[in-house]
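Observations on the model geometry
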Amino acid sequence: MSQPYAIEIRNLHKHYGAHHVLKGIDLDIRPGEVVSIIGGSGSGKSTLLRCVNFLEEYTGGEVLVNGRMIGYGSSVTGEPYRLPEQTIRESLTDVCMVFQQFNLWPHMRVLDNVAAPLRLVKGVRKAEAYERAQAQLERVGMGHKAASYPGQLSGGQQQRVAIARALTMQPSIMLFDEPTSALDPELVGEVLNVIRDLADAGMTLAIVTHEMGFAARVSDKVVFLAEGRIEEQGAPRDLFNTPQSARLQQFLTSWNERQGSLTMA
Amino acid sequence: MIDFNLLAEHREAILAGVWMTVKMSAGGISLGLLLGLALHGLRQLGGPWLVPLYHAYVALFRGTPLLVQLFLVFYGGPYIGLEWSAERVGLVGLALYGAAYFAEIFRAGREAIPRGQIESARDLGLSPGQTFRVVLWPQMLARCLAPLVGQTVILVKESSVLSIITVAELTNVAMTIATQSYSMLEPYAVLALAYWAIAIVVAATGARLERHFTQYQCR
Ligand SMILES: Nc1ncnc2c1ncn2[C@@H]1O[C@H](COP(=O)(O)OP(=O)(O)OP(=O)(O)O)[C@@H](O)[C@H]1O
Ligand SMILES: [Mg+2]
């Protein structure tokens, strides 16, 4: 039997009321693969990621993680029904998300932010949880800030703590939704370095990003989303150098122009 | 001239009144906090029934004077077989009334917490109960303490209307002394001082709690 996909997305649809946001997405991600998702604002990139870890309930198609259907089961008659919350969370233990706004818990020290999920979800004892949390903080270069509160850290540092917190849960898949978009430019690099280390370590990554250079360097595959559809996908070299669709060409041109005006300013 | 003798003469009654006010307020407010939290919980569960029911409750109890609510239960209660003592009506009335305000304070505290914090908790696998206990509640407490203390002081003062349904609390005692002795100044001056003292104790306790629970916000 062949190895299952890490993430399998089949004909995925998402509606917000009458607003049709995802219009039939098909996407497979193999274990260890790094996939970047690019596209204009409002094209549905966040929605796509959030359907994978079921922060959004998708309205058509299916999402499978490590071969397990996410969110819905099907009855004997084939009718889909929503699974209980706990079952959903269990089938998603292998997936962790890193958010644009970090989403740390501001009332807990950094070490507690990282250790709390281990203790609460995995029932790890306090001493061991702290030890493992500290180890992950060291891994992202944040060991020295374990006793700080999130509010005392820079954005880049907070994002690295958020990554450590996710890593502590030992996921095999990580989802990143614009992990550097809320950061000052000089702090972007430190976070991208951490993500690149994860890619090198063989983790399965799906990254929504506007950092085209980074996407080109770390990705095995780049997916271009436009108006809720995958307009084009392929190896970064092909996609960035010889874009086929007019939309992607235009997207890359305007991105290049912005970069140009930035470097000239 | 202030007649201290008059106060000395009624010392026992005044102290009993203070004690009754403290008892009524503490009991009514504690019950009200619990009920307010329960109301907040029901609202959070959501659904087509609970949310409108919640808002109806809040509108009703905040939209009518406490005095009228007390009258309705105390004088109207017997018609539906509810023969409660004045104290019990006072205690429950204060709780029901306070709960509407407390619930709205909890709601504001909850809504001020960014959604993303709940999403990251869910993503990491925390159950809704764990998310409330570990992520939301400590922050709600920190944000809510100041308004909760303010509301508590208001309710202590509002407990003076219990005097009108014959609960022998501070205001009731002061009014009795005033009518019996024909001196208005002394009883009401004592009354003002006593409420003020209670308010100061409540506010000071609240300030200490607040410092304790908001440490993390200090940079
Ligand atoms: N909760 C919601 N309710 C209604 N519409 C929504 C909701 N969330 C997103 N949308 C809509 O869905 C569309 C896709 O949004 P999404 O956030 O996925 O875009 P995006 O590609 O991530 O954009 P950005 O680059 O700005 O983050 C947008 O038109 C947005 O307005
Ligand atoms: Mg987005």
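Since we're looking at a predicted model, the values are computed, not measured.

So, on to the overall build of chain B. A count of helical and extended segments in chain B gives 9 helices and 0 strands. Secondary structure elements of chain B occur, N-terminal to C-terminal, as α-α-α-α-α-α-α-α-α. Taken across its 219 residues, chain B has 45% of its residues classed as buried. Restricting the contact set of chain B to residue pairs at least 6 apart, pairs at least 24 apart contribute 76%. For chain B, the exposed area adds up to about 11,600 Å²; of that, 69% sits on carbon and sulfur atoms. Averaged over its 15 positive side-chain charges, chain B has a centre that lies 15 Å from the centre of its 13 negative ones.

This part takes up the interface of chain A and chain B. Taken together, the contact between chain A and chain B spans 26 residues of the former and 20 residues of the latter. The largest per-residue losses of area from chain A upon contact with chain B belong to A:Trp105, A:His107 and A:Leu120, which jointly make up 30% of the total buried on that side. Scanning the region where chain A abuts chain B turns up 2 salt bridges. Two residues, B:Arg122 and A:Glu85, come together in a salt bridge whose shortest N-O distance is 2.9 Å. Along the contact surface separating chain A from chain B lie 14 residue pairs in polar contact (both at pLDDT 80 or more). Of all the secondary structure elements, the ones that give two or more residues to the side of chain A that touches chain B are helix H2 (85-91), strand E8 (95-98), helix H3 (110-122) and helix H5 (155-168) of chain A. Residues of the side of chain A that touches chain B, tallied by class, amount to 16 nonpolar, 5 polar and 5 charged.

Glancing now at the site of ligand 1. Residue and element names in this part refer to chain A. In the neighbourhood of ligand 1, 13 residues make up the surrounding shell, with Ser 41, Gly 42, Lys 45, Ser 46 and Thr 47 lying closest. Gly 44 has a polar backbone atom sitting 3.0 Å from an oxygen atom of ligand 1. In this structure, an oxygen atom belonging to ligand 1 sits 2.5 Å away from a side-chain N or O atom of Thr 47. Protein contacts shield 61% of the accessible area of ligand 1, which totals 630 Å² for the unbound molecule. Contributing elements (two or more residues each) for the shell around ligand 1: strand E2 (19-29) and helix H1 (45-52). Ranked by residue count, the leading element in the shell around ligand 1 is H1, at 3 residues. Residues that form the shell around ligand 1 fall into these classes: 2 nonpolar, 9 polar and 2 charged.

Residues and elements named next belong to chain A. Examined bridge by bridge, strand E1 (residues 7-16) and strand E4 (residues 60-65) share 5 bridges and lie antiparallel to one another. Bridge assignment links His 13 to a residue of E4, and that residue is Gly 60. Relative to strand E5 (residues 68-69), E4 runs antiparallel, the two sharing 2 bridges. Residue pairing across strands places Val 65 opposite Arg 68, the latter belonging to E5. Here E4 folds back onto E5, and the loop between the two strands holds 2 residues, one of which, Asn 66, carries a positive phi near 50 degrees.

All names here are of chain A. Strand order in this open sheet of 6 strands is E8-E9-E10-E3-E11-E12, and the pairing throughout is mixed. A single partner strand is all that each edge strand has here, and the edge strands are E8 and strand E12 (229-234). Ignoring which end each strand starts from, the neighbouring axes of this sheet average 20 degrees apart. Pairing analysis gives 4 bridges linking strand E3 (residues 34-39) to strand E10 (residues 204-208), with the strands arranged parallel. The partner of Ile 37 across the bridge, within E10, is Val 208. Of the strands in this sheet, E8 and strand E9 (173-177) are in contact with H5, which crosses E9 at around 155 degrees.

How each quantity is defined
Residues numbered from 1 in each chain as written. Chains lettered and ligands numbered in written order. Predicted model: local features only at pLDDT ≥ 70, side-chain atom pairs only at ≥ 80, totals over all residues. Heavy atoms only, no water. Helix = DSSP H or I, 4+ residues; strand = E, 2+ residues; numbered from the N terminus. Buried < 20%, exposed > 50% of the residue type's maximum accessible area, 1.4 Å probe, protein only. Contact = heavy atoms within 4.5 Å. Areas by Shrake-Rupley, 256 points an atom, 1.4 Å probe, with all protein chains shown as cover. Lys, Arg positive; Asp, Glu negative; His and termini not counted. Charge placed at Lys NZ, Arg CZ, Asp CG, Glu CD. Buried area = accessible area lost by both parts, 1.4 Å probe. Salt bridge = Lys/Arg side-chain N within 4 Å of Asp/Glu carboxyl O. Polar contact = N/O pair within 3.5 Å; in protein donor to acceptor, adjacent residues only side chain to side chain. Nonpolar A, V, L, I, M, F, W, Y, C, P; charged D, E, K, R; others polar. Near = heavy atom within 4 Å. Pairing = 2+ DSSP bridges. Axes fitted to C-alpha atoms, helices over the stretch in contact; angles between N-to-C directions.

By themselves, these figures tell us nothing about what the structure is for.
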